Amino acid sequence: MSSRITWFNKELIVYIFRSTGWIGFLYFVGLIFALPLEMLTIILNENNKYVEFENLFSSQQMIQFVLVIVIPVLLAIFLFRFLQMKQASDFIHSLPITRRNIYFHMIGTGIGFIGLPILFTGSIMILFHSAIDIERLYTISDIWSWMGITFILEVLIFSVAVLIGMVTGLSALQGLLTYIILVLPVGLFILFAANLKFLVAGFSSDYYLSANMNGISPLLAATEMEKITLFSVDTLIYSILTVLFLFCSLFLYERRKLEHVSQAFVFPKIKPLFKFGLTICMMLFTGLYFSETTGKPGWIFFGYIVGSLLGFYLGEIVLQKTWRIRVNLKGYVAFMVVIIILALILKIDPIQYKGKVPDEKMISQIYIGNSPIFFEDGTSDNASTYLKEKENIDAIRLLHQQIIEKGKNVSVGELNDGQSVFLIYELKNGKRLAREYYLQNYDSYLPLLAKIHESSEYKKTVNELLNVSAKDVSKIRITASGQVDKSVTITDGHQLEAAVRALSEDLNNQSFAQMITSFGDYASIDIHLNNNKIIYMKWDSSYTQFSKWMENTGQAEEARLMADDISYILVAKTNPEIYNSNSESELAQQIEQQQNRLKINTVSEIETAIDNAQIGWGGEYSAAFYYKDSRDVDIKSFSGEHIPGFILDHFNE
């Protein structure tokens, strides 16, 4: 009887169920524990009658996450394990069925083992919803959303694992490479962005890294599945990629040589791609490590060399499956030459990235700050505000041009020391241009920075109080600073109006120096608005109008830190050893042990010290404030023109 090739092969289906059926069953049991049993427990327990879920992904979230990232990879490994075992390979390929049909059998059952447990679990959840009033826990649309997103994400991970299985002859390597490939887009972006700032002045890696990139990695997207919408661009891209990966897998399977079992990579052209990919990843990683730990250019370049050598060596170990190898230095030298050429191209900057300042006519608004960390994107109440007035736009453009020009001679954007400036231009064509500079010659930019920060428009963007009226305020609570139990609450309408007017006047009169450093910390101010929002402020010695009003109304002594609250103050010259102390009590002990320390205990000198002390420990003189009614101690410091004369006299300076 002649053999005949059929589309459906019963023996193959039996083989698949025997070898991988347990994974589908395990997945179904896991989902039962994660959802129906969890819901049943909540329903039957009266103590949980107020329990609510934001969505079904919140139910046993960790179990669901593990199932989503583990089950598809296990399925892909065990379904195509016959490609990595000679006996199984010979058996499967001796069946009267083409490679294409073998592939479709494997893929079909794999998707079935993923889809059927999700379908059965969803059906049980629908049954619960139909039989019991549990609308507070989830809705029917929640079930469809959960089923759809879970299935799309798992099939995508499955398709990646299958694709990796087609190029490798080792099951362990298939699993490892699958997870590496799944996080590779985010990992590479982070490594490139973090390293690019060393070569391109003005490039703000923190700004680009602050964006949510989980969506570009299915593995990271699985950690926040509740943020995925079923019908969205993300799920459409995931679906397209799944189909693309499965077709690529079929293409590779039909061209794979069956004798290449137990080899790291069965296609020779992939070997250099893997080796040099690992080399560049290790190079960027070690460069970033030394950048964050030392910040020194020499150590960073040392990290590049060590990391690239290590990555190159590890690549050879994996490919040759032994650590006793002879490294081909010609390949490494060629790699380094290419890297140096790419680095020189970036340094030369052929697209004029470093010197680009948008034309005034193209700008709609500009954000200026110290760091991307404080930049709030979007339209929420916390979103950062921009400057739109022509004077401020001109001043910021001039500042930007000066930074670029002076940066040609002075280090700009290469080290994480010095003061920083972060700019975002919103252009009229809808595009955005972001730049960040670490300035080694910060003081030379102070006049321009002061002009911008002291403008009325800028102050309104950073001080919310300047955008509300006294009618919007319900009460003001002032709590004294330090280890003092004193506070005043203002609720009278006339007093609220006067207080808001005085505070607004002080904010409008603040200089740039007063904005960036606070001296004379008196109290904290909580301004409660009628819409339940609270504006938090500090009352320091620069708030002259508010201080005067508080004294005239007789409330100052009950609301702020006074000389009568202090027992005495010890002052010593700051040195690095003291500055690096871990706690205030430890630093206070070190100040006490200084032989030449100054003890301040007269009312007038204590009052002067309170008015001029800054909260930070970085001043030229460190001071320990001891209170009359508390055993705790506060550490402050004195610096610059705020060092009282009697302190300078004591230390003969």
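Above this text sits the structure in question.
Nothing here was measured: the structure is a model prediction, and the numbers come from that model.

Peer 1: So what's going on with the packing of aromatic side chains? Residues and values would help.
Peer 2: The geometry of two aromatic rings is summed up by the distance between their centres and the angle between their planes. Taken as a whole and judged by the stated rule, the model has 28 aromatic pairs. Seen in terms of ring centroids, tyrosine 367 and tyrosine 386 are 6.3 Å apart; in terms of plane orientation they differ by 75°. Their pairing is edge-to-face. Here tyrosine 367 is found in strand E1 (residues 363-369), whereas its partner tyrosine 386 is found in the loop between E1 and helix H14 (390-407), with 19 residues between them in sequence. As far as the burial class goes, tyrosine 367 and tyrosine 386 line up, both buried. Pairing tyrosine 568 with tyrosine 626 gives two aromatic rings, centres 4.6 Å apart and planes at 20°, and the pair type is stacked. Of this pair, tyrosine 568 sits in strand E8 (residues 566-573) while tyrosine 626 sits in strand E10 (residues 621-627), and the two are 58 residues apart along the sequence.

Peer 1: I'd like a description of the sheet that holds strand E11 (residues 633-638), backed by residues and values.
Peer 2: Pairing in this open sheet of four strands is antiparallel, and the strands run E9-E8-E10-E11 from one edge to the other. Two strands close off the open sheet at either side, each with one partner strand: strand E9 (598-600) and E11. Geometrically, the sheet is characterised by an average inter-axis angle of 25° between neighbouring strands, direction not taken into account. In this sheet, E9 lies alongside E8 in antiparallel orientation, the contact comprising three bridges. Among the inter-strand pairings, isoleucine 569 is bridged to a residue of E9, identified as isoleucine 600. Where helix H22 (residues 584-592) meets the sheet, it contacts E8, E10 and E11, and its direction lies at approximately 65° from that of E11. Sheet strands touched by helix H23 (residues 603-612): E8, E9, E10 and E11. Its angle to E8, the strand with the most contacts, is close to 65°.

Peer 1: Can you break down the packing of helix H17 (residues 493-509) against helix H19 (residues 544-552) residue by residue, with the values?
Peer 2: Helices that pack against each other are described as a pair by the angle of their axes relative to one another and the distance between those axes. Two elements in contact, H17 and H19, have axes whose closest approach is 7 Å; the angle formed by their N-to-C orientations is 150°. The angle between H17 and H19 places the two elements in the roughly antiparallel class. Facing Gln495, Ala498, Ala499, Ala502, Leu503, Glu505 and Asp506 of H17, the residues of H19 in contact are Thr544, Gln545, Phe546 and Trp549. Residues of the contact of H17 with H19, tallied by class, amount to six nonpolar, three polar and two charged.

What counts and what doesn't
Residues numbered from 1 in each chain as written. Predicted model: local features only at pLDDT ≥ 70, side-chain atom pairs only at ≥ 80, totals over all residues. Heavy atoms only, no water. Phe/Tyr/Trp six-rings, centres within 6.5 Å; stacked < 30°, edge-to-face > 60°. Helix = DSSP H or I, 4+ residues; strand = E, 2+ residues; numbered from the N terminus. Buried < 20%, exposed > 50% of the residue type's maximum accessible area, 1.4 Å probe, protein only. Pairing = 2+ DSSP bridges. Axes fitted to C-alpha atoms, helices over the stretch in contact; angles between N-to-C directions. Contact = heavy atoms within 4.5 Å. Parallel < 35°, antiparallel > 145°, perpendicular 65-115°, else oblique. Nonpolar A, V, L, I, M, F, W, Y, C, P; charged D, E, K, R; others polar.

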